[in-house]
Structures are given as C-alpha cells and as structure tokens.
Amino acid sequence: MGSGVQIVCVALSILGLIAVCVTCIVPRWKVSAFVGQNIVTAQTQEEGIWMSCVTQSTGQQQCKKYDSMLVLSADLQAARAMTIISGMMLTLALLILFAGSDFTTCVQNQDVKPKMCLVSGIMLVVSGLLLLVPVSWSAHQTISDFNNPFVNATQKKELGACIFVGWAGGCLLLLAGGLLCCCSRPCGSSGSGGTAKYYSNGASAPNYV
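Residues numbered from 1 in each chain as written. Predicted model: local features only at pLDDT ≥ 70, side-chain atom pairs only at ≥ 80, totals over all residues. Heavy atoms only, no water.

Engineer: What should I look at first to understand the nonpolar core in this one?
Structural biologist: Within soluble globular proteins, side chains that are nonpolar generally end up buried alongside one another. In this structure, Leu97, Leu124 and Leu180 are the most contacted members of the largest nonpolar core, which totals 18 residues. Looking at this core, the elements with two or more residues in it are helix 1 (3-25), helix 2 (74-100), helix 3 (113-147) and helix 4 (161-183). Trp29, Leu76, Ala139 and Cys162 belong to the second-largest nonpolar core, a separate cluster that totals 11 residues. (Core = buried A, V, L, I, M, F, W, Y, C linked by side-chain atoms within 4.5 Å. Buried < 20%, exposed > 50% of the residue type's maximum accessible area, 1.4 Å probe, protein only. Helix = DSSP H or I, 4+ residues; strand = E, 2+ residues; numbered from the N terminus.)

Engineer: Honestly, the state of the cysteines in this entry has me stumped. Any pointers?
Structural biologist: In a disulfide, the sulfur atoms of two cysteines are covalently bonded to one another. Summed over the entire model, instances satisfying the criterion amount to 1 disulfide. One disulfide in the model links cysteine 53 with cysteine 63; its S-S distance is 2.0 Å. With the S-S dihedral at roughly 105°, the linkage between cysteine 53 and cysteine 63 falls on the right-handed side. Linking cysteine 53 in strand 3 (residues 51-56) with cysteine 63 in strand 4 (residues 61-65), this pair joins segments that are 10 residues apart in sequence. (Disulfide = S-S within 2.5 Å.)

Engineer: Just to check I follow, could you spell out the sheet that holds strand 4 for this structure?
Structural biologist: Hydrogen bonds between backbone atoms are what pair the strands of a sheet, whose relative direction is either parallel or antiparallel. As summarised here, the arrangement of the 5 strands in space is 4-3-2-1-5, forming an open sheet in which the pairing is antiparallel. Each of the sheet's edge strands pairs with one partner strand only, and the pair in question is strand 4 and strand 5 (157-159). Going from strand to strand, the sheet's axes swing by 25° on average, the running direction of each strand aside. As judged from the 3 bridges shared by strand 1 (residues 30-32) and strand 5, these two strands associate in the antiparallel manner. (Pairing = 2+ DSSP bridges. Axes fitted to C-alpha atoms, helices over the stretch in contact; angles between N-to-C directions.)

Engineer: Whenever I open this one, the packing of helix 3 against helix 4 confuses me. Can you help?
Structural biologist: When two helices pack together, their arrangement is given by the angle between their axes and by how far apart the axes lie. Two elements in contact, helix 3 and helix 4, have axes whose closest approach is 7 Å; the angle formed by their N-to-C orientations is 155°. Between helix 3 and helix 4, the angle falls in the class roughly antiparallel. Judged by the twist between their axes, the crossing of helix 3 over helix 4 is left-handed. (Parallel < 35°, antiparallel > 145°, perpendicular 65-115°, else oblique. Left-handed = near helix turned anticlockwise from the far one by under 90°.)

Engineer: Where do I start with the pattern of salt bridges in this structure?
Structural biologist: Pairing between side chains of opposite charge can happen when the charged atoms of each approach one another. Across all of its chains, the model carries 4 salt bridges by this definition. Between aspartate 75 and lysine 30 there is a salt bridge, with its nearest N and O atoms 3.6 Å apart. Taken as a pair, aspartate 75 in helix 2 and lysine 30 in strand 1 lie far apart in primary sequence, 45 residues in all. (Salt bridge = Lys/Arg side-chain N within 4 Å of Asp/Glu carboxyl O.)

Engineer: Just checking my understanding: could you explain the pairing of strand 2 (residues 43-47) for this structure?
Structural biologist: Two faces make up the sheet, and in a regular strand the side chains alternate between them. The pairing of strand 1 with strand 2 spans 2 bridges and is antiparallel. For valine 31, the partnering residue across the bridge sits in strand 2 and is glutamate 46. Relative to strand 3, strand 2 runs antiparallel, the two being bridged by 5 bridges. Of the residues in strand 3, the one forming a bridge with threonine 44 is threonine 55. Where strand 2 hands over to strand 3, the hairpin turn is made up of 3 residues, counted between the paired strands.

Limitation: the analysis is restricted to geometry and does not speak to function.
Now the structure itself:
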C-alpha cells in the first residue's frame, strides 16, 4: 500500500474528526422555521444535543443546557451516544493508522502494518456510519414535523448546519475507510512459510555433521 494513499486517508480522517467535533458541540441541529403566521424574526431558536440557544436580531445569543436528557427527542438522545462513540472510535482509528502507516516508524514489522491499516479502515467506516445515522435520523424527524399539518407552526424547525456538516464528515470517513480496506493487503508469503533452496546438478548438497 502506497504511503500517498495513507496520507490522503489521514487527511480525510482529520477532516472527519473536525466534523464530528463540530456536530457534537455546536447547537445547530435544528433552527427556527418562519412559516405561516410565524413571521417574527426578532429572535432565532437553535437546538443542539447539549443545549438550546436563542439568538436576537442584535446578535446577542443566550444558551441554556438541557435540564434533563428526558426533555430531548429520541433522535437527539441517540445522537448524544452515537456522536461520542464515533469520535472516540475515530480517534483510536487515527492513532492505529499513524502507527501502521508506511511513512512512520512506530512499528518496524512490515507484515503487521497492512493489518493495522485494515483495522483502522474498518473502524473509520464504523465511525462514519455512527455519524451518519443520528444526523439522518434527526433530519428525517425534522422534515416529518415540518410537513405535518398537525404540528403548530411555532414548533416547526428547519435543518441546522450541523446536519450538513455531519453528512459531509460521515461521507469523508466512509471514503477514507473504504480506501484503507481496499488498498491494505497483507504481505504475501509462500505456502509453506519457508524459503526453498535449490542446488545445481554440479554442486553437491552441503554435508551436515
């Protein structure tokens, strides 16, 4: 496996890690939707997985952490766990990838490095899925509530920036993991695992005492 591909995968993984951190921390999963009679634009409400914020038209922002996890919807509750697990797994995958890459000397055994890259690739794919699932679930819930005529207009939300950042980060992680899984191949060896020795007809085999 070429070191160039590994460097690209490392870069994609770092971008994915940034996307995971932004998605997890920034409270912009859902934002106020100004539809119907709800045309008051003096303030904008934003919801995240840890807190909700109100932004005034003057630019002043006030945020408040949720008093209890039970006040969150099911999609945001699942998003908390999935994004944290995704970030932890992604960090571990990056460490394994750094150690097993050809451009580092952390591991001297050349037979182990491809296996480490393969494990890292699988972990990157899982991390990407753990990021895509909650943002897609939240987006589906937000769109369903927006199109539901029985939901009050003041309670309707639109997709926040974190949803799009999460989609982008998940795709980058899937791409990086897929490249590592496809390009990582264990070093080939002979079937017996040993080295065959051949002698010419004119040369006699060595005598052992």
